[in-house]
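Fold and contact review
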Amino acid sequence: MTSPATATTRSAWADGLATYDHSGAMLDCWFPDPRLGEVPAGRDRSLAPAELADGAHEDARRGVRLRPVLVESNLDTPVSSVGDAYLRLHLLSHLLVVPNTINLDGIFGHLPTNAWTDLGPMPADDVRARLPQLRRAGIQVYAIDKFPRLLDYVVPVGVRIADGGRVRLGAHLAPGTVVMHEGFVNFNAGTLGTSMVEGRISQGVVVGEGSDIGGGASIMGTLSGGGTQRVRVGERSLLGANSGLGISLGDDCVVEAGLYVTAGTKVLLPQHPDADGNARTVKAAELADVPSLLFRRNSLSGAVEAISREGRGIELNSMLH
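Residues numbered from 1 in each chain as written. Predicted model: local features only at pLDDT ≥ 70, side-chain atom pairs only at ≥ 80, totals over all residues. Heavy atoms only, no water.

The protein chain carries the name 2,3,4,5-tetrahydropyridine-2,6-dicarboxylate N-succinyltransferase in an unreviewed UniProt entry, which gives Gulosibacter macacae as its organism. Reading the Sequence similarities (unreviewed entry) entry of the UniProt record for the protein chain gives the comment "Belongs to the type 2 tetrahydrodipicolinate N-succinyltransferase family." A UniProt comment under Function (unreviewed entry) is attached to the protein chain, and it reads "Catalyzes the conversion of the cyclic tetrahydrodipicolinate (THDP) into the acyclic N-succinyl-L-2-amino-6-oxopimelate using succinyl-CoA." (UniProt positions renumbered as here; feature names shortened; annotations may be inferred.)

According to the stated counting rule, one finds four aromatic pairs in the structure shown. Ring geometry for Tyr 86 and Tyr 153: centres 6.0 Å apart, planes at 40 degrees, overall tilted. Of the two residues, Tyr 86 sits in helix 2 (residues 82–93) while Tyr 153 sits in the loop between strand 8 (141–145) and strand 9 (160–161), which places them 67 residues apart along the sequence. For the pair formed by Tyr 86 and Tyr 153, the shared burial category is buried. Judged by centre distance (5.6 Å) and plane angle (70 degrees), the rings of Phe 108 and Phe 147 are edge-to-face. Note that Phe 108 is positioned in helix 3 (residues 107–110) and Phe 147 in the loop between strand 8 and strand 9, a separation of 39 residues in sequence. With relative accessibility at 35%, the residue Phe 108 sits in the partly exposed group. Members of the aromatic cluster, each reached through a chain of ring pairs, are Phe 108, Phe 147 and Phe 187. (Phe/Tyr/Trp six-rings, centres within 6.5 Å; stacked < 30°, edge-to-face > 60°. Helix = DSSP H or I, 4+ residues; strand = E, 2+ residues; numbered from the N terminus. Buried < 20%, exposed > 50% of the residue type's maximum accessible area, 1.4 Å probe, protein only.)

Attention shifts here to the nonpolar core. Core analysis: the largest hydrophobic core is formed by 67 residues, its most contacted members being Tyr 86, Leu 173, Ile 219 and Phe 295. Of all elements in the fold, only strand 1 (11–20), strand 2 (26–30), strand 5 (64–74), helix 2, strand 24 (266–273), strand 26 (293–297) and strand 27 (304–308) reach the threshold of two or more residues within this core. Residue contributions to this core peak at seven residues, all from helix 2. Built from parts of two domains, this core gets at least three residues from each of domain 1 (11–38 + 46–112) and domain 2 (150–308). For Ile 219, the residues in contact, after removing those within four places along its chain, are Arg 200, Ile 201, Ser 202, Val 205, Val 207, Ile 213, Val 231, Val 233, Leu 239 and Leu 245. Core analysis: the second largest hydrophobic core is formed by ten residues, Val 64, Leu 66, Ala 115 and Met 122 among them. (Core = buried A, V, L, I, M, F, W, Y, C linked by side-chain atoms within 4.5 Å. Domains from an automatic or database assignment. Contact = heavy atoms within 4.5 Å.)

With that out of the way, let us pick up the layout of surface pockets. By volume, the largest pocket is sized at about 240 Å³. Around the largest pocket, the lining is made up of 16 residues, and of these Asp 28, Leu 119, Gly 120, Pro 121 and Tyr 153 lie nearest the centre. Counting residues per element, the ones that place at least two in the lining of the largest pocket are strand 1, strand 2, strand 6 (114–117) and strand 7 (120–123). The residue inventory of the lining of the largest pocket, partitioned by class, reads eight nonpolar, three polar and five charged. (1 Å grid on protein atoms, 1.4 Å probe; cavity = no way out; pocket = protein on both sides within 12 Å on 5 of 7 lines; lining within 4 Å. Points joined across faces, edges and corners; volume = space filled by probe spheres on them. Nonpolar A, V, L, I, M, F, W, Y, C, P; charged D, E, K, R; others polar.)

The subject of this paragraph is the environment of Gln 140. Position of Gln 140 among the secondary structure elements: in the loop between helix 4 (127–136) and strand 8. Separated by 96 residues in sequence, Gln 140 and Arg 236 have C-alpha atoms that sit 41 Å apart.

Pairing within the open sheet is parallel, and its five strands lie in the order 12-15-18-21-23. Two strands bound the open sheet, and with one partner strand each, they are strand 12 (184–185) and strand 23 (260–261). Two strands pair when backbone bridges link them, and strand 15 (residues 200–201) and strand 18 (residues 218–219) are joined in this way by two bridges, in the parallel orientation. Paired with Ile 201 across the strands is Ile 219, a residue of strand 18. (Pairing = 2+ DSSP bridges.)

For the rest of this paragraph, the subject is the domain arrangement of the protein chain. You can read the domains of the protein chain as domain 1 (11–38 + 46–112) and domain 2 (150–308). Put simply, the middle of domain 1 and the middle of domain 2, counted by C-alpha atoms, are 32 Å apart. On the domain 2 side, the residues contacting the 17 residues of domain 1 number 18 residues. For the pair domain 1 and domain 2, the summed buried area comes to about 1,400 Å², and 68% of that belongs to carbon and sulfur atoms. Taken as a group, Ser 93, Pro 99 and Asn 100 account for 37% of the area that domain 1 buries against domain 2, more than any other trio of residues on that side. At the junction of domain 1 with domain 2, the criterion picks out zero salt bridges. If you look at where domain 1 meets domain 2, you find seven residue pairs in polar contact (both at pLDDT 80 or more). Contributing elements (two or more residues each) for the side of domain 1 that touches domain 2: strand 2, helix 2 and helix 3. Here the side of domain 1 that touches domain 2 takes five residues from helix 2, the largest share from any one element. A per-class count over the side of domain 1 that touches domain 2 returns twelve nonpolar, four polar and one charged. (Buried area = accessible area lost by both parts, 1.4 Å probe. Salt bridge = Lys/Arg side-chain N within 4 Å of Asp/Glu carboxyl O. Polar contact = N/O pair within 3.5 Å; in protein donor to acceptor, adjacent residues only side chain to side chain.)

With that settled, consider helix 2. If you check helix 2, its first and last C-alpha atoms are 17 Å apart, about what twelve residues at 1.5 Å a residue would give, namely 16 Å. For helix 2, a buried count of twelve out of twelve residues is recorded, marking the element as mostly surrounded by other parts of the structure. Of all the positions in helix 2, only Val 82, Gly 83, Asp 84, Ala 85, Tyr 86, Leu 87, Arg 88, Leu 89, His 90, Leu 91, Leu 92 and Ser 93 are classed as buried. Within two residues after helix 2, Leu 95 carries a phi angle of roughly 65 degrees, on the positive side. (Expected span 1.5 Å × (residues − 1).)

As structure tokens, this is what we get:
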């Protein structure tokens, strides 16, 4: 596998198979083998690999045509085209780059809203007129969205995904990751090692080796609500069922079930009293990345507390990964 992009490797290229509508607008592009770096010197840019050239065809049922393309990308500049957007999403899902390391500015403006069928995309505006023909052909429209499913483009190695509709192209899933039926992983987000995902990993969020995102748990991203902080979950940490997180969590930490910790949450520190002997109070943001903490709600006072934990954090069941 090619090494992840570094400060000296800031370009990428790939041969792909693109889908175009009747006006010639690109709807999507599949890149089976994206590469970091520049197109090799001497490469005949007009000659596509046989597997992609053989895939060129017209699909009158969806009103689209498929053609091979060669796409290049400067990973430091904003997204410039549909093909460029799809290439960057493929780089993430092929684990060639990690989330938050390449420029994705402008990606929404370059991704068309497609109708997604079990044969590939088609123009969303054409579905109503073509629906009888699609039904006769047994073609199902399963979504109308800008982002497709990961598994329609990339099959990650050593990963379990219980429901393919809940993981978007552009998700970064390290080997050993398990995404259960109610888990969700957005683009430019994901895992850096063996992990259990039963909750939601929002855009821009990364989860460290050995961590568990419990059922119904939610990690805040930056796509809505005006937030700008990139949230990370450290190694061997646990978000309990139906908990929430809006700060970066250090290694070996636990957020108890049902507790939502945002940057502004007032947190008592019972083990760190002030000059008067009272538990000191801080905003949760001040505890970002601090390792070995348990965040809990006091069952008597209702106050959110953070206390130190000893030893390593949780251990995942190796039989499940």
